[in-house]
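One-letter residues, chain by chain:
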Amino acid sequence: MPLAQTCLAQTSPEVSLDTSETLFSVLTAINACGFDTELDGSLPVRARVRDEVAKAVQASPDAAEVTQNMCKLYTDHAQADPARTLAEYVSLALYLNPPPALTLKGKEADLPPDAVVPIGILPTLPKFAELTKLHEIWMRQKPEYDALTDRYHGAVTKMLFDTQVYLKVVSTEYLGRGFSVLLDPMGAPGQTNARNYGSDYYVVISPGRGQAVKMEQIRHTYLHYLLDPLAFKYPAEMKRLQPLLLSVKASPMDQGFKEDTGLLVTECLIRAVEAHLTGSGKGKDVEAQRQQAVEESEKQGYILTGYFYNALVLFEKDPAGLKAAFEEILSKVDVRKEEKQAALIHFAAKADPEVLHLARPTGPKLLQTATQRLSAGDADGAQKLAQQALDDHSGDPGQAFFVMAEAATMNRDMPGARKYFLQALENAHEARVLAWSHVYLGRIFDLQADRDTALEHYRAALIAGAMIPEAKAAAEKGIQQPYEPPNHQPTEQ
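Enquirer: How should I be thinking about the nonpolar core in this particular structure?
Expert: Generally speaking, soluble globular proteins have nonpolar side chains that are buried together. Ranked by internal contacts, the top residues of the largest apolar core, which has 106 residues, are Leu-125, Leu-167, Phe-179, Ile-218, Leu-227, Leu-304 and Phe-308. Broken down by element, this core gets its largest block of residues, 11 residues, from helix α8 (residues 134-167). With residues up to four places along the chain from it excluded, the contact list for Ile-218 reads Val-156, Met-159, Phe-179, Val-181, Val-203, Ile-205 and Val-213. Of all hydrophobic cores here, the second largest spans 41 residues; its members include Ala-408, Tyr-420, Ala-435 and Leu-441.

What follows is the structure, given as structure tokens:
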């Protein structure tokens, strides 16, 4: 573990500042294919690596042929905006296994939407790395890469620590989730790419000549890492605040914030925290600077920034951490008052680009969120997200129908639950979904006094859930005696 990662680990066990040979391999490949953005502002190591790769390609006809084939795919699918091209390849790199494999970590269907475009280089990328001896080039540059993490670890560690202190959060509360800052000079120094995949957050930065590390972008993504889970805990409050989405329709911010109350609330809270952390001290100039940041945020559509900024003034005087205080802060939002204030805002023509990549959640991301909504008791929200996954033809349809069936069960809609569990069986490939769909259908048919059909489903669950102890036990119990629900179970409608 590099020194920088060790230091950061002392602050938060799931936080790292590091480099990645996988990222290096992907970014070096697109450099070989003509990605020249901000080359003059890059560190000398970028030009040095490009020269070494060029010499390796010239020295080997096989390497030249593979590179030509790879670069044709790159050129054919390159975006008009080089920043978008870089963003796509960063997304792809974060989903790849380390060299020499350089294969997808999971199924192609699980890729984020922007990583689908550059996936065409995967058949040739490992061969390109092999024939240009890219691993050897990486090992020669590794000391300089390690020096980069050593150079920046102090500033990054301090920022993360100061953020935790302000929010009064304990780092051990975030075990099982990850936050990684990856440094690689082979990208464009002026661009920062931040991603959230499941419970893992990444910030990819390419240090340039004479540039300090982009601390604001790192802190913004770190605040998402710390605060994103809060909205899921309060689905009823998110539903209460939903009318505010109508107030921001004409704003220039990303469409995702206009469609999801949780995203909007979290972003407003993060911007309010950032405003409080702007400058140092308590002078009039500092406060004026902070108020200006709040005002600019609201003009972009983040209309609750001012409310949260004022609420944080009181929070700073309270010993409770933000996780404990958030529910009360949220409950005091006056929707009518905020709607009236929003109506007076003259929205800006443009919004700042969101640091954290906000591709519309699809497939697994949608279904993961839907499952989280179910766990939080928001059956309607879960069903809506699962239906969106089906409409978009992305993700596992069997899993989507299963979520809809569970939501129907939670809403005491037995006909709907039966319908969706049957559709889950028709579409599912995952053993867990198959087994539990049969178990729940067995219980539904027991409630309808159709014991023969119930037994068929329990026996099918035994086969599908042979390796799933909980499902197997539930099926065996169903075979032994008809299901008798507790009081809260759904009834026929």
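Enquirer: Is there a simple way to think about the environment of Phe-232 in this case?
Expert: On the secondary structure map, Phe-232 appears in helix α9 (residues 215-232). For the pair formed by Phe-232 and Thr-369, sequence separation is 137 residues and the distance between their alpha carbons is 8.7 Å.

Enquirer: What should I look at first to understand the pairing of strand β2 (residues 178-183) in this one?
Expert: On a regular strand, each side chain points to the face opposite its neighbour's, so the side chains alternate between the two faces of the sheet. Along β2, six of the six residues are buried, which leaves the element largely enclosed by surrounding structure. Where strand β1 (residues 15-18) meets β2, four bridges bridge the pair, whose relative direction is parallel. Looking across to β2, one finds that Ser-16 is bridged to Ser-180. Looking at chain direction, β2 and strand β4 (residues 200-205) are connected through six bridges and run parallel.

Enquirer: How should the packing of aromatic side chains be read in this particular structure?
Expert: Any aromatic ring pair is given by two values, namely how distant the centres are and how the planes are angled relative to each other. All chains considered together, the criterion is met by 16 aromatic pairs. The interplanar angle of 45° and the centroid separation of 5.7 Å between the aromatic rings of Tyr-74 and Tyr-89 together place this pair among those described as tilted. Placement of Tyr-74 in helix α4 (residues 61-77) and of Tyr-89 in helix α5 (residues 82-93) is noted, with a sequence separation of 15 residues between them. For the pair Tyr-74 and Tyr-89, one class covers both residues: buried.

Enquirer: So what exactly am I meant to see when it comes to the side chain of Thr-261 here?
Expert: With respect to the secondary-structure elements, Thr-261 resides in helix α13 (residues 261-276). Not counting residues within four places of it along the chain, the set of residues in contact with Thr-261 comprises Met-238, Leu-241, Gln-242 and Leu-245.

Enquirer: Explain the pattern of salt bridges to me, please; I cannot follow it from the model alone.
Expert: A side chain of one charge can pair with a side chain of the opposite charge when the charged atoms of the two come close. The full count for this structure, using the stated rule, is 13 salt bridges. The partner of Asp-36 in a salt bridge is Arg-50, and the shortest N-O contact between them spans 2.7 Å. In this pair, Asp-36 is assigned in the loop between α2 (21-32) and α3 (44-59) and Arg-50 in helix α3, connecting sequence segments 14 residues apart.

Enquirer: What is the right way to read helix α17 (residues 335-343) from this model?
Expert: Turning to α17, its buried residues number three or more, namely Val-335, Glu-338 and Ala-342. Summarising the axial view, the buried residues of α17 lie within an arc of 65°, below the 170-degree limit, and thus occupy one face. Away from its buried face, by an angle of more than 90 degrees, α17 presents the exposed residues Arg-336, Lys-340 and Ala-343. The inward-facing, buried residues of α17 abut α10 (235-240), α11 (244-247) and α15 (305-315). Sitting at the head of α17, Asp-334 places a side-chain oxygen 3.2 Å from the backbone nitrogen of Arg-336.

Enquirer: How should I be thinking about unusual backbone geometry in this particular structure?
Expert: Phi is mostly negative for residues that are not glycine, and the peptide bonds are mostly trans. Along the chain, Pro-99 connects to Pro-100 via a cis peptide bond; the corresponding omega equals 10°. Structurally, Pro-100 can be placed in the loop between α5 and α6 (113-116). With phi around 55°, Lys-133 is a residue other than glycine that occupies positive phi space. Within the element layout of this structure, Lys-133 appears in the loop between α7 (125-131) and α8.

Enquirer: Please explain the sheet that holds β1 as it appears in this structure.
Expert: The strands making up a sheet associate through backbone hydrogen bonding, with each pair oriented either parallel or antiparallel. Taken together, four strands build an open sheet; the order of strands is β1-β2-β4-β3 and the sheet is mixed. The strands lining the two open edges of the sheet, one partner per strand, are β1 and β3 (192-197). The average angle at which neighbouring strand axes cross in this sheet is 10°, direction not considered. In the packing of α5 onto the sheet, the strands contacted are β3 and β4, and the crossing angle to β3 comes to about 40°. Contacts from α8 reach β1 and β2 within the one sheet, and its direction differs from that of β1 by about 145°.

Enquirer: How should I be thinking about the packing of α3 against α8 in this particular structure?
Expert: Two numbers describe how α3 lies on α8: the axes approach to 11 Å, and their chain directions differ by 165°. What the angle tells us is that α3 and α8 run roughly antiparallel. For α3 against α8, the interelement crossing comes out right-handed. Here Val-45, Arg-48, Val-49, Glu-52 and Val-53 of α3 come into contact with α8, specifically with Leu-134, Ile-137, Arg-140, Gln-141, Glu-144 and Tyr-145.

Enquirer: I tried to follow the environment of Val-333 on my own but got confused; where do I start?
Expert: With respect to the helices and strands, the residue Val-333 is situated in the loop between α16 (322-331) and α17. A residue is classified by how much of its surface remains accessible, and Val-333, at 2% relative accessible area, is buried. For Val-333, the residues in contact, after removing those within four places along its chain, are Arg-240, Leu-241, Leu-304, Tyr-307 and Glu-338.

Enquirer: Can you walk me through α15 in this structure?
Expert: Every α-helix carries 3.6 residues per turn, so stepping three or four residues along brings you back to the same face. With eight of 11 residues buried, α15 lies mostly within the body of the structure. Contact partners of the buried residues in α15: α8, α13, α14 (284-299), α16 and α17.

Enquirer: Where do I start with the side chain of Glu-237 in this structure?
Expert: Positionally, Glu-237 belongs in helix α10. Of note is the side chain of Glu-237, whose polar atom sits 2.9 Å from the side chain of Arg-240. Apart from residues lying up to four places away in sequence, Glu-237 is in contact with Leu-330 and Ser-331.

Enquirer: For this particular structure, what's the right way to read the packing of helix α22 (residues 431-447) against helix α23 (residues 451-464)?
Expert: Between two packed helices, the angle of one axis relative to the other and the distance separating the axes together describe the packing. At their nearest, the axes of α22 and α23 sit 8 Å apart, and the two run at 160° to each other. Here α22 is positioned roughly antiparallel relative to α23, judged by the angle of their axes. Classified by chirality, the crossing of α23 by α22 is left-handed. The residues of α23 that touch α22, namely those facing Ala-431, Leu-434, Ala-435, His-438, Val-439, Leu-441, Gly-442, Arg-443, Phe-445 and Asp-446, are Arg-451, Thr-453, Ala-454, His-457, Tyr-458, Ala-460, Ala-461 and Ala-464. Across the contact of α22 with α23, the residue classes break down as 11 nonpolar, four polar and three charged.

Rules used throughout
Residues numbered from 1 in each chain as written. Predicted model: local features only at pLDDT ≥ 70, side-chain atom pairs only at ≥ 80, totals over all residues. Heavy atoms only, no water. Core = buried A, V, L, I, M, F, W, Y, C linked by side-chain atoms within 4.5 Å. Buried < 20%, exposed > 50% of the residue type's maximum accessible area, 1.4 Å probe, protein only. Helix = DSSP H or I, 4+ residues; strand = E, 2+ residues; numbered from the N terminus. Contact = heavy atoms within 4.5 Å. Pairing = 2+ DSSP bridges. Phe/Tyr/Trp six-rings, centres within 6.5 Å; stacked < 30°, edge-to-face > 60°. Salt bridge = Lys/Arg side-chain N within 4 Å of Asp/Glu carboxyl O. Arc of directions from axis to C-beta. Polar contact = N/O pair within 3.5 Å; in protein donor to acceptor, adjacent residues only side chain to side chain. Axes fitted to C-alpha atoms, helices over the stretch in contact; angles between N-to-C directions. Parallel < 35°, antiparallel > 145°, perpendicular 65-115°, else oblique. Left-handed = near helix turned anticlockwise from the far one by under 90°. Nonpolar A, V, L, I, M, F, W, Y, C, P; charged D, E, K, R; others polar.

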